[in-house]
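Given next are the chains, with one letter for each unit.
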Amino acid sequence: MSSQVATGPTSAWAEPTWPLVSGLMPPVPEAYTPRQETGLPRAIGTAAGETLLVAPSRELAEVIGDGGGAGTTQLASGVAHALWEQHAVDLVVWVSAASRDGLITGYTQALADIGVPDPGDGPEAAAAHFLDWLATTGRPWLAVLDGLTDAGVAEDLWPAGPTGRTLITTPRGGPALRVPGARTIEVGPFSQREALAFLTARLQVDPDQRLGGLDLAADLEFLPLALSQAADVIAETGVDCRRYRARLAGHLRTRPSASDAYPWTVAATWSLASELAHQAEPAGLALPVLALISMLDPSGIPGAVLTSAPAREFVSRHARGRVVDEAQMRAVLRNLARVGLVSIDTTSAARTVRVHEQVQAITRHHMTPTARAEAALAAAGAITLVWPRRDIPVSFDQALRDSAARLHQEAGPALWSPECHPVLLRAGRSLDSAGLAGPGVAYWHTIMHTAQRVLGHAHPHTVIARDRLAAAYEACGRGSEAIAVYEHMLFDRERTLGPGHPQTLAACGSLARAYRGAGRADEAIRLAERALAQYERSLGRGHPDTLNAQGELGHAHLAAGRLSDAITVLGQTLAAREQIFGPAHPDTLATRNSLAYAYRSAGQFREAIPLYERTLVDRERAQGPDHPDTLTARASLAATYRSAGRLKDAIPLYKRTLAGRERALRPDHPDTLTARANLADAYLAANKLRDAIALLERTLADRERVQGADHPDTITARGHLASAYHSAHRMSAAIPVYERTLADCERVLGPGHPDTIASRGNLAHAYHIAGRLTESLVLFERTLADCERVLGPDHPLTRTARENLAAVADL
């Protein structure tokens, strides 16, 4: 089975080939038994539109605990492969349900795999868009949410649709987990028939090995995991079931083990399997490798983690002085796989080694607290070492986050002594870089409170966690909560470090940016001025940090509409950066662009245009014609030409920007749609109505398909199309589109939103032109009332609404 898997940002894109698999679906195990008697019924493959929760039965859960062992993941894998091979589905989506960020990442990857454009509002919006696609597509699909333990993780993320099937696996007993709208299938231990069928399939090379198989299955209480490990050891050693039973009995007499986390039968088969693997060449290494594996994510550990230098050094310390290399580590993993303690998927760099939670629990039970801490630190070092800083494949990034989360769960205290281990900070930054703002807030909130409790409020790692929490709040639009954290941070730093300390000044700048983002421009200016004065006193006017503070002050003035002050401050910043860093430095280019924007906002196009032109030339030379920064610079210059009335200069640039977006992204990417809409608006301004209408009709259709009918960009596109029809005197086409736009604005944005007021005024004007004066009068009256209430009696739009109403009333 082949799978198209998203591996990270890329400019290349191709139409998907159906059918396809999204995600890292485990292969069907050797000697897989369908479990018709105690597992999933045969009819599961034909039940479209249904959600099934596959869980251990109550009776089995009492034996195996919450660590699993019923074979639910294997059953789900068997169903997925069967549906695929029967051509019953066009799409199989396999996602780990251990965490919310794992679900969101899996859905975002699936959206890319099926060729549906990302709406451009972050992974959570992309995940919602994928779920909308599942709900409406005519293609048959299967979604597997593997390993769910907390239904809250998947709130608002349940797949559903008339052509789809959803399988949710959980290690917890059936009644312990409630999934809305799901039918629970409880899986028990093997029946006698299933146990014999499994042993027959697994031990088919030598039928004599199956002698005593039923008695062995009874000894192992017909538990799938225990019988699987036993069969693997029998196949590896060549003994039969009777001899294995003798070894098992003797082993239990000499090495008893019991724990609430796993059944004694699995502990016994683990002991026999681990001893065999530990004796195999390279001898003496299996147990320390298992110790590492026991700390990481059972649904899949990157092979690079287990063969990294920190992992090898840990194993070497338990190898009596031998230096263990990568080849030996891989040999040990193969030994563990041969006796059923792990499984290996060499086709997946992200989920190379899978292990059962029961195996992990038993391994940890045999380790001393000191050994667990040592293994945890080695695993943490391994994850940190192999975690790339940039260009990270999506699936690899998620697998490392999952292993870091499991590590924190199993060995948290070891990662906080003497301070926060870098792997915990790296995991949080991974969420931030991936745009997973919601999970990021939850993560940094936990890390911050743990750091405060363990390290104290003033420790640098507590400060980092608080800063990242505030940034995560900002990223998910929770500005008031971000400001509260930043204010608390600034207060603490002023009290403990003093007003001129670099960390205090950094907090001051962060709070200023948060104020600016929340529309509290005056407070942003006050803080930015204070920070700049402190930087100038302590570091000097030409220091990079001082220039950054000066730039922040310029942006605060811009946000407050104080354009003259913004131009002055940004002009000074640009002059200093050109002198110190040179004209083509990235910071210089960014400042030049900001100054150009300030001039453009002030209507000083003669000053803005040369700055934009120079920025575009520098970006084309340094970054290439299709780099995102170059395309943005070209679009900004085009917009300024248009604002200056130079449409003949603007339109060719808009065309080049659109062509570049289509090459670098794709025709229906949100940024491409914006470029197309900008070109259409330029055509409209140039009175090229036929060209404008054609582009606007395409843009609206694409936005409805990609972003949804209620997305603000879609509503705006509909309003622009109505305006184009209006300009072309096609009132019979314009009025229904205006009416739909107004209805959408009122429903989505609210009746008092400025865009709703503008939309109502546009429709009133269209009614007026069409001679529908009574309807026009009613709408103009309401528009004026709303403008006075929302914008004030002296606002320019209020005055315009008053004049329009007077003109219609006179008629």
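What this report covers is the structure whose coordinates are included nearby. Numbers given for residues are sequential positions, taken from 1 along each chain in its written order. With the structure being a predicted model, the display of local features is reserved for residues of pLDDT at least 70 and the display and counting of side-chain atom pairs for 80 or more, all residues being used for whole-chain, interface and lining totals. Excluded from the side-chain calculation are hydrogens and water; included are all heavy atoms of the structure.

Okay, the state of the cysteines next. Two cysteine sulfur atoms form a disulfide, by the criterion used here, when they sit within 2.5 Å. In total, this model carries zero disulfides according to the counting rule given. Cys787 takes part in no disulfide bond, and the closest cysteine sulfur to it belongs to Cys745, at a distance of 14 Å.

Cavities and pockets were defined on a 1 Å grid built from protein atoms only: a cavity is a group of points that admits a 1.4 Å probe but offers it no way out, a pocket is an open group of points flanked by protein on both sides within 12 Å along at least five of seven lines, and a lining residue is one with an atom within 4 Å of any such point. Grid points are joined across faces, edges and corners, and a volume is the space filled by probe spheres set on the points. Within this structure, the stated rule accounts for two cavities of 30 Å³ or more. Approximately 250 Å³ is the volume attributed to the largest cavity. Those elements that place two or more of their residues in the lining of the largest cavity are β1 (20–23), β3 (91–96), α3 (100–113) and α16 (394–411). A run of DSSP states H or I qualifies as a helix once it reaches four residues; a run of E qualifies as a strand once it reaches two. Both are numbered from the N-terminal end. Broken down by element, the lining of the largest cavity gets its largest block of residues, four residues, from α3. Note on residue classes: Ala, Val, Leu, Ile, Met, Phe, Trp, Tyr, Cys and Pro are nonpolar, Asp, Glu, Lys and Arg are charged, and everything else, Gly too, is polar. In the lining of the largest cavity, the residues fall into five nonpolar, ten polar and three charged.

Moving on: the pattern of salt bridges. What counts as a salt bridge is simple: a side-chain nitrogen of Lys or Arg found within 4 Å of a carboxyl oxygen of Asp or Glu. On inspection of all chains with the given rule, the structure shows 57 salt bridges. Where Arg35 meets Glu194, a salt bridge forms, and the shortest distance between an N and an O atom there is 3.4 Å. You can see Arg35 sitting in the loop between β1 and β2 (51–56) and its partner Glu194 sitting in helix α5 (residues 192–202), a full 159 residues away along the chain. Residues Arg35 and Glu194 agree in their burial class; the two are buried. Three labels apply to residues, based on accessible area from a 1.4 Å probe with only protein chains included: buried if under 20% of the type maximum, exposed if over 50%, partly exposed otherwise in between.

One requirement defines pairing of two strands: DSSP has to find at least two bridges between them. Pairing in this open sheet of six strands is parallel, and the strands run β1-β3-β4-β5-β2-β6 from one edge to the other. The open sheet is flanked by β1 and β6 (183–187), the only strands paired with a single partner. In this sheet, neighbouring strand axes are inclined to one another by 15° on average, regardless of whether the strands run parallel or antiparallel. Set on the sheet, α3 makes contact with β1, β3 and β4 (141–146); between it and β1 the angle comes to about 150°. Note on geometry: axes are C-alpha line fits, over the in-contact stretch for helices, and angles between N-to-C directions span 0 to 180 degrees. Contacts are assigned to residue pairs with any non-hydrogen atoms lying within 4.5 Å of each other.

So, on to helix α31 (residues 712–727). Between the first and last residue of a helix there are one fewer steps than residues, each counted as 1.5 Å, and that sum is the expected span. The end-to-end C-alpha distance of α31 is 23 Å, a good match for the 22 Å that 16 residues give at a rise of 1.5 Å each. Looking only at α31, the buried set comprises Thr714, Ile715, Ala717, Arg718, Gly719, Leu721, Ala722, Ala724, Tyr725 and His726. Looking at the buried positions of α31, the neighbouring elements they touch are α29 (670–685), α30 (689–707), α32 (731–748) and α33 (754–769). Of the residues one or two after α31, His729 is the one with positive phi, at around 60°.

Put simply, side chains in a regular strand alternate between the two faces of the sheet. In terms of burial, strand β5 (residues 164–169) is a largely internal element, six of the six residues being buried. Where burial is concerned, the two faces of β5 agree: the one with Gly164, Thr166 and Ile168 and the one with Arg165, Leu167 and Thr169 are both buried. Where β4 and β5 come together, five bridges link them in parallel fashion. In the sheet register, Leu142 faces β5, and the bridge partner there is Arg165.

Turning our eyes to something else, we now look at unusual backbone geometry. Looking along the chain, the bond that leaves Trp18 and enters Pro19 is cis, with omega of -5°. Its place among the elements puts Pro19 in the segment before β1. Omega for the peptide link from Ser417 to Pro418 comes to 5°, which places this bond in the cis form. Mapped onto the fold, Pro418 is located in the loop between α16 and α17 (422–433).

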